[in-house]
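# Structural features, examined
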Amino acid sequence: MLILGIETSCDETGAAVIEATDRSQPVRILSNTVASSLKLHAETGGIIPEIAAREQIKYMLPVLTEALDTAGTTLDAIDCIGVTYGPGLIGSLLVGVETAKTLAYIYNKPIIPVNHMYGHIYANWIHRHIDDTSSTDAITFPALALVVSGGHTDLLLLKNHGDITILGGTRDDAAGEAFDKIGRLLGLSYPAGPVISQLAEKGNPSVFVLPRPMIGSGNYEFSFSGLKTAVLNLTKKYTLDFSEGQHSQTLYDLCAGVEEAIVDIIVRKTLKAAEEYSVKTILLGGGVAANTRLQEVLRERAEMQSVPAEIFIPQSSLCTDNAAMIASAAFYMGQKTPWRNVHVDPELYY
Ligand code: KG4
Ligand code: ZN
């Protein structure tokens, strides 16, 4: 079957077509188009919801057309539409949901409303390449999912498709939010996660050993706001030259220290949960899962601690917001819903 995915929960406008056969196999991407208004938000240092939604109204139809054209298909041939209905920015979510409802009504197609967070998890059930037909990457349950994005840092236990238990989440800032807010303190552009990661490559993580809040808390809760305060105090102590091209070694070292602290907290809790619940697989998802240091440390320590779980990490473009992951979640765990009953839910959790 062919599923059209639509994703507009934050600043991205995404449309994708995936081909899905049976739930024991990963789905295949036929197209995955994403337009972002990130450049506009980089100028303001963060997302202004009204501006994001206005841009999405402009992008939605061209993105949809491109996704269908690239997939070599038409709306008539689509079997159902998966759309993000929450959590996210209300204006942004409305653009995607109203588009999906209009298409469902005109073309008489069923809609599957998708929780954005499940989308991040189901990015793992996508074939790595368009021509990849191997089934060796089949994911086995029980699985532990780590969703690390701009809005969430969650650990979840999946016993089966749709059978999901929350083990813990963040009490304050999410991991991506911590990267972004610390980046702002350091005068770096938004979103700061990838920028900090790049600068950290030239730094020494042992120069600034930053606090790891709640690392030994014995549960799966996270907290990152103390880390932000620690960086704020350091910026008062050191003179950092933030101007473009003038980055100092101190800034590189600080970025390395920040990345190491965030990675250390996430990896420690993830492996503890993997051991406690004897999971067969660990699934990463969300923008921060694209962080190469996180990927490296998780794999290294899992091996060191002899955690037998197989680790799955979507390719970078599937870690950050996209519509293919929404279509994938729609296939594995979604429910067809009459378009009249589909509504946005900005505060949706799990
Ligand atoms: O999943 P996502 O695209 O959007 C949300 O649903 O939030 O995640 C965006 C977040 C941002 O906070 C961004 O700074 C972070 O993911 N991010 C990264 C990296 N790439 C994106 N953080 C650290 N390292 C990266 N390579
Ligand atoms: Zn996301």
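Above this text you will find the structure in question.
Because the structure is a prediction, the values reported are computed rather than measured.

Counting buried residues along strand β5 (residues 111–115), four of its five residues qualify, which places the element largely inside the surrounding structure. Here strand β4 (residues 80–86) pairs with β5 via five bridges, running parallel. Following the sheet pairing, Gly86 is matched in β5 by Asn115. Where the polypeptide runs from β4 across helix α3 (residues 90–107) and back to β5, its parallel neighbour, the crossover connection is right-handed.

The strand order β8-β7-β6-β9-β10 describes an open sheet built from five strands, whose pairing is mixed. The open sheet is flanked by β8 (163–168) and β10 (310–312), the only strands paired with a single partner. Taking the axes of each pair of neighbouring strands and ignoring which way they run, one obtains an average angle of 25° across the sheet. Pairing between strand β6 (residues 143–148) and strand β7 (residues 153–160): six bridges, direction antiparallel. Bridged to Ala145 within β7 is Leu156. Sheet strands touched by helix α8 (residues 249–276): β6, β7, β8 and β9 (281–285). Its angle to β6, the strand with the most contacts, is close to 160°.

Close to ligand 1 lie 19 residues, the nearest being His120, Gly150, Asp180, Gly287 and Asn291. At 3.1 Å from an oxygen atom of ligand 1 is found a side-chain nitrogen or oxygen belonging to His120. Here an oxygen atom of ligand 1 sits 2.9 Å away from a polar atom, N or O, in the main chain of Gly287. Surface burial for ligand 1 is 87%, taken as the share of its 550 Å² of free accessible area covered by protein chains. Spatially, ligand 1 is embedded in the largest pocket. Of all the elements in the fold, those that place two or more residues in the shell around ligand 1 are α4 (116–122), α5 (175–185) and α6 (192–200).

Between any two of four tetrahedral donors, the ideal angle at the metal is 109.5 degrees; between two of six octahedral donors, it is 90 or 180 degrees. Taken together, the protein ligands of the zinc ion (ligand 2) are His116 (NE2), His120 (NE2) and Asp321 (OD), with distances of 2.0 to 2.1 Å. Seen from the zinc ion (ligand 2), its four donor atoms lie at angles of 95 to 136°, and the figure they make is irregular. Written as a sequence motif, the donor arrangement for the zinc ion (ligand 2) is H-x3-H-x200-D. One end of the pair, His116, is in helix α4; the other, Asp321, is in the loop between α10 (316–319) and α11 (324–333), with 205 residues separating them in the sequence. Summarising the burial analysis for this pair, His116 and Asp321 share the class buried.

The full count for this structure, using the stated rule, is 10 aromatic pairs. Consider the rings of Tyr122 and Tyr332, whose centres lie 5.5 Å apart with planes at 20°: the pair is stacked. A residue pair is termed long-range when its members are at least 10 positions apart, and Tyr122 in helix α4 and Tyr332 in helix α11 qualify at 210 residues. On the basis of relative accessible area, Tyr122 is assigned to the buried category, the value being 0%. These aromatic residues form a ring-pair network of at least three members: Tyr122, Trp125, Phe141, Phe331 and Tyr332. For the cation-ring pair, Lys269 lies above Phe222, with the distance from its terminal atom to the ring centre recorded as 5.8 Å.

In terms of burial, β4 is a largely internal element, six of the seven residues being buried. Pairing of strand β1 (residues 2–7) with β4, which is carried by four bridges, proceeds in the parallel orientation. Paired with Gly5 across the strands is Gly82, a residue of β4.

Let us now look at the packing of α5 against helix α7 (residues 225–237). Close contact between α5 and α7 brings their axes to 10 Å; oriented N to C, the two are set at 10°. Classified by the interaxial angle, the pair formed by α5 and α7 is roughly parallel. Here α5 and α7 pass one another in a crossing that is right-handed. Residues Lys181, Ile182 and Leu185 of α5 touch α7, and the partners they reach there are Leu227, Lys228, Val231, Leu232 and Thr235. Here the residues of the contact of α5 with α7 are counted per class, giving five nonpolar, one polar and two charged.

So, about the layout of surface pockets. Think of a ball as big as a water molecule: rolled over the atoms, this probe shows where empty space is left. Empty space within the largest pocket amounts to approximately 1100 Å³. The wall of the largest pocket is formed by 42 residues, among which Ser149, Gly150, Asp180, Tyr190 and Pro191 lie closest to the centre. Elements that contribute at least two residues to the lining of the largest pocket include exactly α4, α5 and α6. If one sorts the elements of the lining of the largest pocket by residue count, α5 sits on top with six residues. Its residues placed into classes, the lining of the largest pocket shows 15 nonpolar, 19 polar and eight charged. By volume, the second largest pocket amounts to about 190 Å³. Sort the elements by how many residues they give to the lining of the second largest pocket and β5 lands first, with three residues. Of the residues contributing to the lining of the second largest pocket, the split by class is nine nonpolar, four polar and no charged.

Criteria and cut-off values
Residues numbered from 1 in each chain as written. Chains lettered and ligands numbered in written order. Predicted model: local features only at pLDDT ≥ 70, side-chain atom pairs only at ≥ 80, totals over all residues. Heavy atoms only, no water. Buried < 20%, exposed > 50% of the residue type's maximum accessible area, 1.4 Å probe, protein only. Helix = DSSP H or I, 4+ residues; strand = E, 2+ residues; numbered from the N terminus. Pairing = 2+ DSSP bridges. Right-handed = clockwise from strand over helix to strand, strands pointing away. Axes fitted to C-alpha atoms, helices over the stretch in contact; angles between N-to-C directions. Contact = heavy atoms within 4.5 Å. Near = heavy atom within 4 Å. Polar contact = N/O pair within 3.5 Å; in protein donor to acceptor, adjacent residues only side chain to side chain. Areas by Shrake-Rupley, 256 points an atom, 1.4 Å probe, with all protein chains shown as cover. 1 Å grid on protein atoms, 1.4 Å probe; cavity = no way out; pocket = protein on both sides within 12 Å on 5 of 7 lines; lining within 4 Å. Sits in = over half its atoms within 2 Å of the grid points. Donors = N, O, S within 2.8 Å, 3.2 Å for Na, K, Ca; no water. Tetrahedral: all angles 85-135°; square planar, octahedral: opposite > 155°, others 65-115°. Phe/Tyr/Trp six-rings, centres within 6.5 Å; stacked < 30°, edge-to-face > 60°. Lys NZ or Arg CZ within 6 Å of the ring centre and 35° of its normal. Parallel < 35°, antiparallel > 145°, perpendicular 65-115°, else oblique. Left-handed = near helix turned anticlockwise from the far one by under 90°. Nonpolar A, V, L, I, M, F, W, Y, C, P; charged D, E, K, R; others polar. Points joined across faces, edges and corners; volume = space filled by probe spheres on them.

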